[in-house]
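Descriptive structure summary
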Protein chains: 2
Amino acid sequence: MSRPRNTKQRQLILEVLRGTTAHPTADWVYQQVRAVLPNVSLGTIYRNLGVLKEQELIQEVRYPGSQARFDGNPEPHYHFFCLNCDRIEDVPLPFCRDAEEAFRQKLPEYEVMGHNTEFFGLCPDCKDLAERREQ
Amino acid sequence: MSRPRNTKQRQLILEVLRGTTAHPTADWVYQQVRAVLPNVSLGTIYRNLGVLKEQELIQEVRYPGSQARFDGNPEPHYHFFCLNCDRIEDVPLPFCRDAEEAFRQKLPEYEVMGHNTEFFGLCPDCKDLAERREQ
DNA sequence: GTACATGCAAATTATTTGCAACAGG
DNA sequence: CCTGTTGCAAATAATTTGCATGTAC
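Residues numbered from 1 in each chain as written. Chains lettered and ligands numbered in written order. Predicted model: local features only at pLDDT ≥ 70, side-chain atom pairs only at ≥ 80, totals over all residues. Heavy atoms only, no water.

**Digging into the protein's contact with DNA strand C**
Residues in contact with DNA strand C amount to 22 residues; listed here are only the nearest, Arg5(A), Thr7(A), Thr44(A), Tyr46(B) and Gln67(B). Those atoms of DNA strand C that come within 4 Å of the protein belong to sugar or phosphate at a rate of 67%. Thr44(A) has a polar side-chain atom sitting 2.7 Å from a phosphate oxygen of DNA strand C. Sorting the residues of the surface near DNA strand C by element identifies helix 1 (8-18) and helix 3 (42-54) of chain A together with helix 3 (42-54) and strand 2 (66-71) of chain B as the ones contributing at least two each. Looking at which element gives the most residues to the surface near DNA strand C, the answer is helix 3 of chain B, with four residues. Looking at the surface near DNA strand C residue by residue, the class counts come to five nonpolar, 10 polar and seven charged. (Near = heavy atom within 4 Å. Polar contact = N/O pair within 3.5 Å; in protein donor to acceptor, adjacent residues only side chain to side chain. Helix = DSSP H or I, 4+ residues; strand = E, 2+ residues; numbered from the N terminus. Nonpolar A, V, L, I, M, F, W, Y, C, P; charged D, E, K, R; others polar.)

Printed below as a string of structure tokens:
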């Protein structure tokens, strides 16, 4: 276990992630950071995303057919994934752990540490588009 | 929209996935299929996994830090992901759509088509190991 | 001063694709 | 036959790593 340092690269990556709700990819973060530190490398981005994840300051979100996405909010919360435009949004519903409790009751031999839930479907924009196309 | 054919490669890939509960990677499927059809290529595996997904005969499961995994059971159900050994298991709890309904009530401008939930923690084997190590 | 971190580039991993030959319906 | 599919190999995309140098503490 090493103690991570507060490099300006790492601070900036965290700021970038905290400053958006778009759940961006590593490459998007890279572009943003590069606007401030033009010599930063993509390797540094990936290494720091890994460190920040280990420190539980950020989360990684995955969805089939999409590359890794990052979330500056480390608290458990729901995500919505738009099947049409690949957008990921936060869902303003309270995070409910009832299912975890049911799991522990039924299968006590497991250690359940948490769960992720992603809803999927069409975001308002894509739903509108789809409805217009139908007519 | 083209009509897929029943090639022996595709049939076999589906059988392999239906014959395991291990949620294997594309490469594992490749090894299994190759035991029967030695000339099959990995490209064929990936192409067919894509087709089978589109036909909703299989599912793809993703978890941070792990490559794509495939599930021969296309019905919505819960997964458990072991943080220590990367194993994915099915969870024998009834699939509950209450959260989807709550989502629709609160955000009717979205079209919610479903949701995925993965629990995570330690499987029985890894929990035992961890407990023994603690002593 | 001593790790940890960086930039750079090369390496690795995972997945996709072009194409000529093949095969299912 | 016609068109979807295959095997092969090369290409692409995503991510990781080795290493000499730089920098936080």
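**Side note on the protein's contact with DNA strand D**
In the vicinity of DNA strand D lie 22 residues, with Tyr46(A), Gln67(A), Arg5(B), Arg10(B) and Thr44(B) positioned nearest. Taking the atoms of DNA strand D that fall within 4 Å of the protein, sugar and phosphate contribute 67% of them. A distance of 3.3 Å separates a phosphate oxygen of DNA strand D from a polar atom in the backbone of Ser41(B). The contact in question runs from a base nitrogen of DNA strand D to an N or O atom on the side chain of Arg47(B), over 3.0 Å. Looking at the surface near DNA strand D, the elements with two or more residues in it are helix 3 and strand 2 (66-71) of chain A together with helix 1 (8-18) and helix 3 of chain B.

**As for the pairing of strand 2 of chain B**
The side chains of a regular strand alternate between both faces of the sheet. Residue and element names in this part refer to chain B. Across the six residues that make up strand 2, a large majority, five, are buried. Bridge count between strand 1 (residues 59-63) and strand 2: four bridges; the pairing is antiparallel. By the bridge assignment for strand 2, Tyr63 is matched with Ser66. Where strand 1 folds back on strand 2, the antiparallel hairpin that results is connected by two residues, among which Gly65 adopts a positive phi of roughly 80°. (Buried < 20%, exposed > 50% of the residue type's maximum accessible area, 1.4 Å probe, protein only. Pairing = 2+ DSSP bridges.)

**Let's talk about the relation of the copies chain B and chain A**
Placing chain B over chain A gives an RMSD of 0.0 Å and needs a rotation angle of 180°, together with 0.0 Å of translation along the axis. Both copies of the chain, as the preceding transformation shows, are related through a two-fold rotation axis. Taking the C-alpha atom as reference, chain B places Thr117(B) closest to the rotation axis, 2.2 Å from it. Most of the interface of chain B is mirrored in chain A: 100% of its interface residues are interface residues there too. (Least-squares fit on C-alpha atoms with pLDDT ≥ 70 in both. Contact = heavy atoms within 4.5 Å.)

**Structural notes on the packing of helix 1 of chain A against helix 3 of chain A**
Residues and elements named next belong to chain A. Remark: helix 1 packs on helix 3, axes separated minimally by 10 Å, with the N-to-C direction vectors making an angle of 75°. Taken together, helix 1 and helix 3 sit at an angle that is classed as roughly perpendicular. Between helix 1, through Gln9, Arg10, Ile13, Leu14 and Leu17, and helix 3, the contact on the second element is made entirely by Thr44, Ile45, Asn48, Leu49, Val51 and Leu52. (Axes fitted to C-alpha atoms, helices over the stretch in contact; angles between N-to-C directions. Parallel < 35°, antiparallel > 145°, perpendicular 65-115°, else oblique.)

**Notes on helix 1 of chain B**
For helix 1 of chain B, the complete set of buried residues consists of Arg10(B), Leu12(B), Ile13(B), Leu14(B), Val16(B) and Leu17(B). Of the surrounding secondary structure, the elements contacted by the buried residues of helix 1 of chain B are helix 2 (26-36), helix 3 and strand 2 of chain B.

**Brief notes about the sheet that holds strand 5 (residues 111-122) of chain A**
Paired through backbone hydrogen bonds, the strands of a sheet run either parallel or antiparallel to each other. Spatial strand order, 4(A)-3(A)-5(A)-5(B)-3(B)-4(B): six strands in an open sheet with mixed pairing. A single partner strand is all that each edge strand has here, and the edge strands are strand 4 (88-91) of chain A together with strand 4 (88-91) of chain B. In this sheet, neighbouring strand axes are inclined to one another by 30° on average, regardless of whether the strands run parallel or antiparallel. With four bridges connecting them, strand 3 (residues 78-82) of chain A and strand 5 of chain A associate as parallel partners. Pairing of Phe80(A) across the sheet is with Phe119(A), part of strand 5 of chain A. This element, helix 4 (residues 98-106) of chain B, spans strand 3, strand 4 and strand 5 of chain A together with strand 5 (111-122) of chain B of the sheet and lies at about 135° to strand 5 of chain B.

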